[in-house]
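In case you want the letters, here they are:
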Amino acid sequence: MDNKLKGMSLPIETIVVIVVCILILIIVILFFGGGFNRPAGEITLEGQLRTECNEWGRDSGYQHDATTYENNVYPALQTKYPATDEGVISARKFCIGY
């Protein structure tokens, strides 16, 4: 008789259950840890940009001109579109919807 020692093996179902549990644990940690809050930040930034577009439009008589863009402070818009000629044109296109 051949008496070979056999290693302990786990059935494939057990390995699948362990992997699924680890994935669920990671998702729960990300959810409660704030890993899923990036889109909410982007929505907030979009709201700030639209608010500044409205203010810029009112300040310039809805012409969205360069002088009111450069003279007034629009932190979200000026971060995305610097107060240069090209930046003002891009900001105007963004605000008007082109």
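Figured I'd write up the structure that's included with this text. This one's a predicted model, so the numbers in the text were calculated from it and none came from an experiment.

### Description of the overall build of the chain
Stage number 1. Counting its regular elements, the chain contains five helices and zero strands.
Stage number 2. For the chain, the α and β elements follow one another from N to C terminus as α-α-α-α-α.
Stage number 3. Relative to all contacts within the chain whose residues are 6 or more apart in sequence, the contacts with residues 24 or more apart total 38%.
Stage number 4. Counting only carbon and sulfur atoms, one obtains 63% of the accessible surface of the chain, whose full area is about 7900 Å².

### A short note on helix α5 (residues 85-96)
Stage number 1. For α5, spanning 12 residues, the distance from its first C-alpha to its last is 17 Å, which sits close to the expected 16 Å at 1.5 Å a residue.
Stage number 2. Here α5 has its buried residues at Gly87, Val88, Ala91, Phe94 and Cys95. Considered in projection along α5, the buried side chains sweep an arc of 125° and stay on one side of the axis. Residues of α5 that are exposed and point more than 90 degrees away from the buried face comprise Asp85 and Glu86.
Stage number 3. Just beyond α5, the residue with positive phi is Gly97, at close to 105°.

### Considerations on the state of the cysteines
Stage number 1. Evaluated as defined, the whole model comprises one disulfide.
Stage number 2. Note that Cys53 is cross-linked by a disulfide to Cys95, the S-S spacing being 1.9 Å. Here Cys53 and Cys95 share a disulfide; its torsion about the S-S bond, -70°, makes the bridge left-handed. Of this pair, Cys53 sits in helix α2 (residues 38-59) while Cys95 sits in helix α5, placing them 42 residues apart in sequence.
Stage number 3. You can call Cys53 buried: its relative accessible area is 4%.
Stage number 4. Residue Cys95 is classed as buried on the basis of its relative accessible area of 13%.

### What to know about unusual backbone geometry
Stage number 1. Of note in the backbone geometry, Tyr62 takes a positive phi value of approximately 60° without being a glycine.
Stage number 2. Residue placement: Tyr62 occurs in the loop between α2 and α3 (66-71).
Stage number 3. You can call Tyr62 exposed: its relative accessible area is 57%.
Stage number 4. One non-glycine residue with positive phi stands out, namely His64, at about 50°.
Stage number 5. Topologically, His64 is positioned in the loop between α2 and α3.

What counts, and at which threshold
- Residues numbered from 1 in each chain as written.
- Predicted model: local features only at pLDDT ≥ 70, side-chain atom pairs only at ≥ 80, totals over all residues.
- Heavy atoms only, no water.
- Helix = DSSP H or I, 4+ residues; strand = E, 2+ residues; numbered from the N terminus.
- Contact = heavy atoms within 4.5 Å.
- Areas by Shrake-Rupley, 256 points an atom, 1.4 Å probe, with all protein chains shown as cover.
- Expected span 1.5 Å × (residues − 1).
- Buried < 20%, exposed > 50% of the residue type's maximum accessible area, 1.4 Å probe, protein only.
- Arc of directions from axis to C-beta.
- Disulfide = S-S within 2.5 Å.

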